[in-house]
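What follows is the residue order along each chain.
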Amino acid sequence: MSIENFLDNSRSSWMEGEGEHSDIVMSTRIRLARNLNGFRFPLAFTEDEAHKIDQSVSSTLLDADEELQKNFTSVHIKDVSELGRQVLVEKHLISPKLANSPNTGSVLLSEDESVSVMVNEEDHIRIQCLFPGLQIQQAYERADTIDRLLEKELPYAFDEQFGYLTSCPTNTGTGLRASVMMHLPALTKTKQMNRIVTIISRLGMVVRGIYGEGSEALGNVYQVSNQTTLGKTEEDILADLQSIAEQIIQKEREARDALLQHSPNTLEDRLYRSLGTLSYARLMTTEEAARCLSDVRLGIDIGLIKDIDMSILNECMIFMQPGFLQKYAGTTLNATERDMFRAKLLRERLQKGEKDNTKGEEPA
Amino acid sequence: MICENCKQRPAKVTVTQVHNGEHFERHYCEVCANSLHPFYVEYKQDPLSLHQLLSNWFNQADQIVQQKQQKTLECDECGWSIERFLEEGKFGCASCYESFRPHLPQALKRLHNGNTTHIGKAPGRLGEKIALKKRIEAIRAQMKQAVEQEQFEDAAKLRDEVKDLEKQLAGGGDDSHVD
Ligand SMILES: [Zn+2]
Ligand SMILES: [Zn+2]
């Protein structure tokens, strides 16, 4: 598969709206940080070292068996246009750091985009698995399979006391970062997020908004992940995240019920206004789009809005970002042009989504 | 005063950096200070010097000063000094862990909720080795107990078992499993 396939397609398997609790948990991500013995870490290494690392990781993965060879595509960052790099970042297939390492970075992408192995990011190897919905165990098992495959051939930097040795001491030990991306509009609207963030951070977990820079999470999407990687087994880290995610899901559901009970008309009005905005607006900023998409998503989840498919919303969250818009437009756009083009794409997509879904359905 | 970084929140933390003998003072809010300098931030009213910060960090005021006078702690492999590690908050290579080993538990403790030792997965053959070591430790404990209870026959058996396992560990004998 060529890199163009990854860039043209705004959908990834993690956006399919499957998996457990997919009304609240958008995706689950597992990341393992690994390094090879005998080479300095990317902060300190030479391009020659980088090249050798890249060669041995790529060949190990691609030569492992035919399945994987067919499945994985190796992409060197230097061969991807700047816009292309931005698109890969917006799809969460590579990190911004890797996108900014054009001379040394590369990535191995699986065809369904659920696995990406970043080479020479902050660490020599970063195995990432991205699954739809809440699938912590499944995503970990996938990452673990790749990890075992690599460790059979490659000498990992490992220490009996400190575990997997990583460039940043915040990853030392298991090198495992497990995270879930959650859509929490009701907890946000009822102003409970601050309290939840405080409690969660006391439990050794981190919450942050994943889109946008400000303190407010764009589109009410938050990422919850483990903070500590040392002194806990992989199983415990995963189990703790699972349990915290389930508790947040529970709280979000309660908050949704409360909203529906207290002010059903106001809520319905607000959610449909957002759908109206998405369907007819001519200029749309990222912030407004994210807010409206969040409302519509909530409307679908609680059964108020019926004729739009959830996976379309996940896709909209991705392609409304600047890199994707410009990729679609086939040209660079200034901010106003982007707002215009964004409004147009969202309009078209939502109308198409409505048609696709009502096709073959009995009229209500 | 407003935080230099986000220019939003009030600055509460002063970080003094020493670069080529020159002192730079930076004023950050707690949020930015934590994300920019997770390693040597202390919440105190008075600005702290790098020296003070480092010594608080290690809890061994004298040692750092001594090291300054003699020779700074450096990694043989990548040449990074421990000061550079603290400044960047990153290691230069895997050998840095070995070079700075005595100081690391202190540092890691802060980041990992008081933990300093890995108990998770280990790569293949090394993982087997570690498992073997743990088994030997467990049997030694049993042996000690047997001796205390004057069950010398059992103790002797356990001792032989330990010997076998130790041989296995030293030789890396992968396929000779002793039960
Ligand atoms: Zn600040
Ligand atoms: Zn080093």
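Here is what the cut-offs are and how they apply
- Residues numbered from 1 in each chain as written.
- Chains lettered and ligands numbered in written order.
- Predicted model: local features only at pLDDT ≥ 70, side-chain atom pairs only at ≥ 80, totals over all residues.
- Heavy atoms only, no water.
- Helix = DSSP H or I, 4+ residues; strand = E, 2+ residues; numbered from the N terminus.
- Buried < 20%, exposed > 50% of the residue type's maximum accessible area, 1.4 Å probe, protein only.
- Lys, Arg positive; Asp, Glu negative; His and termini not counted.
- Salt bridge = Lys/Arg side-chain N within 4 Å of Asp/Glu carboxyl O.
- Pairing = 2+ DSSP bridges.
- Axes fitted to C-alpha atoms, helices over the stretch in contact; angles between N-to-C directions.
- Parallel < 35°, antiparallel > 145°, perpendicular 65-115°, else oblique.
- Left-handed = near helix turned anticlockwise from the far one by under 90°.
- Contact = heavy atoms within 4.5 Å.
- Donors = N, O, S within 2.8 Å, 3.2 Å for Na, K, Ca; no water.
- Tetrahedral: all angles 85-135°; square planar, octahedral: opposite > 155°, others 65-115°.
- Nonpolar A, V, L, I, M, F, W, Y, C, P; charged D, E, K, R; others polar.
- Core = buried A, V, L, I, M, F, W, Y, C linked by side-chain atoms within 4.5 Å.
- 1 Å grid on protein atoms, 1.4 Å probe; cavity = no way out; pocket = protein on both sides within 12 Å on 5 of 7 lines; lining within 4 Å.
- Points joined across faces, edges and corners; volume = space filled by probe spheres on them.
- Polar contact = N/O pair within 3.5 Å; in protein donor to acceptor, adjacent residues only side chain to side chain.

J.: Just give me the short version of the side chain of E234 of chain A, but keep the residues and values in it.
T.: Within the element layout of this structure, E234 of chain A appears in helix 9 (residues 234-262). No salt bridge is formed by the buried E234 of chain A, whose closest oppositely charged neighbour, R34 of chain A, lies at an N-O distance of 5.2 Å.

J.: Would you mind going over the pairing of strand 8 (residues 176-183) of chain A in detail, with residue names and values included?
T.: Residues and elements named next belong to chain A. Burial runs high along strand 8: 8 of the 8 residues are buried. Burial along strand 8 is two-sided: the residues L176, A178, V180 and M182 and R177, S179, M181 and H183 are all buried. Pairing analysis gives 7 bridges linking strand 1 (residues 25-34) to strand 8, with the strands arranged antiparallel. In the sheet register, R29 faces strand 8, and the bridge partner there is S179.

J.: Would you mind going over the packing of helix 4 (residues 82-90) of chain A against helix 13 (residues 322-329) of chain A in detail, with residue names and values included?
T.: Residues and elements named next belong to chain A. Contact pair helix 4 / helix 13: the axes reach a minimum separation of 8 Å and the direction vectors enclose 130°. One element, helix 4, and the other, helix 13, form an angle in the oblique class. In terms of crossing hand, the pair formed by helix 4 and helix 13 is left-handed. Residues L83, Q86, V87 and E90 of helix 4 touch helix 13, and the partners they reach there are P322, G323, F324, Q326 and K327.

J.: Describe the coordination of the zinc ion (ligand 2), with residues and values.
T.: Residue and element names in this part refer to chain B. With distances of 2.3 to 2.4 Å, the protein atoms coordinating the zinc ion (ligand 2) are C75 (SG), C78 (SG), C93 (SG) and C96 (SG). Every donor counted, the 4 donor atoms about the zinc ion (ligand 2) form angles of 98 to 125° at the centre, which fits tetrahedral coordination. We note that the donor set of the zinc ion (ligand 2) lies within a single chain, spaced as C-x2-C-x14-C-x2-C. Judged on exposure class, the residue C93 and its partner C96 are both buried.

J.: Could you give an account of the packing of helix 11 (residues 286-301) of chain A against helix 12 (residues 310-319) of chain A, with specific residues and numbers?
T.: In a pair of packed helices, the angle between the axes and the distance between the axes together describe the arrangement. Residues and elements named next belong to chain A. It is the contact of helix 11 with helix 12, at a shortest axis distance of 10 Å, that shows an interaxial angle of 165°. Relative to helix 12, the element helix 11 is oriented roughly antiparallel. Between helix 11 and helix 12 lies a crossing whose hand is left-handed. For the pair formed by helix 11 and helix 12, the contact residues are L293, V296, R297, I300 and D301 on the first element and M310, L313, N314, C316 and M317 on the second. The residue makeup of the contact of helix 11 with helix 12, split by class, is 7 nonpolar, 1 polar and 2 charged.

J.: Mind laying out unusual backbone geometry, listing which residues take part and the relevant values?
T.: Positive phi is not limited to glycine here, since E113 of chain A has a value of about 65°. Despite not being glycine, E150 of chain B has its phi angle at roughly 60°, a positive value. For E150 of chain B, the position within the fold is in the loop between helix 7 (124-148) and helix 8 (152-171). According to the relative accessible area criterion, E150 of chain B is exposed, its value standing at 58%.

J.: Go over the nonpolar core with me, naming the residues and quoting the values.
T.: Ranked by size, the top nonpolar core spans 110 residues in total, and within it V57, I125, L150, V180, M182 and V224 of chain A carry the most contacts. For this core, the element with the highest residue contribution is helix 9 of chain A, accounting for 9 residues. Leave out the neighbours within four places in its chain, and V224 of chain A touches A178, S179, V180, M182, I200, V206, V207, L241, I244 and I248 of chain A. Ranked by size, the runner-up nonpolar core spans 20 residues in total, among them F41 of chain A together with C75, W80 and F91 of chain B.

J.: How would you sum up empty space enclosed by the protein? Please name residues and give values.
T.: In total, this model carries 1 cavity of 30 Å³ or more according to the counting rule given. In this model, the largest cavity occupies a volume close to 50 Å³. Residue composition of the lining of the largest cavity, by class: 5 nonpolar, 4 polar and 1 charged.

J.: An account of the pattern of salt bridges is requested, with residue identities and associated values reported.
T.: A complete count under the given rule lists 29 salt bridges over all chains for this structure. D23 of chain A is the salt-bridge partner of R253 of chain A, the closest N and O atoms lying 2.6 Å from each other. Placement of the pair is R253 of chain A in helix 9 and D23 of chain A in the loop between helix 1 (3-8) and strand 1, with a sequence separation of 230 residues. Here the salt bridges share partners, and the residues they tie into one network are K97, E121, E122, D123 and R126 of chain A together with K90 of chain B.

J.: Help me get a handle on the interface of chain B and chain A, residues and values and all.
T.: Listed as interface residues are 34 residues of chain B and, on the opposing side, 37 residues of chain A. Linking chain B to chain A there are 18 residue pairs in polar contact (both at pLDDT 80 or more). Contributions of two or more residues to the side of chain B that touches chain A are made by helix 4 (82-88), helix 5 (94-99), helix 6 (104-111) and helix 7 of chain B. When its residues are assigned to classes, the side of chain B that touches chain A shows 17 nonpolar, 10 polar and 7 charged.

J.: How would you sum up the environment of E47 of chain A? Please name residues and give values.
T.: Residue and element names in this part refer to chain A. Here E47 is to be found in helix 2 (residues 47-64). The class for E47 is exposed, based on a relative accessible area of 52%. Distance from E47 to N103, taken between C-alpha atoms, is 7.5 Å for residues 56 residues apart in sequence. Filtering out sequence-adjacent residues up to four positions away, E47 remains in contact with N103 and T104.

So far we have only geometry, and geometry alone does not tell us how the molecule works.
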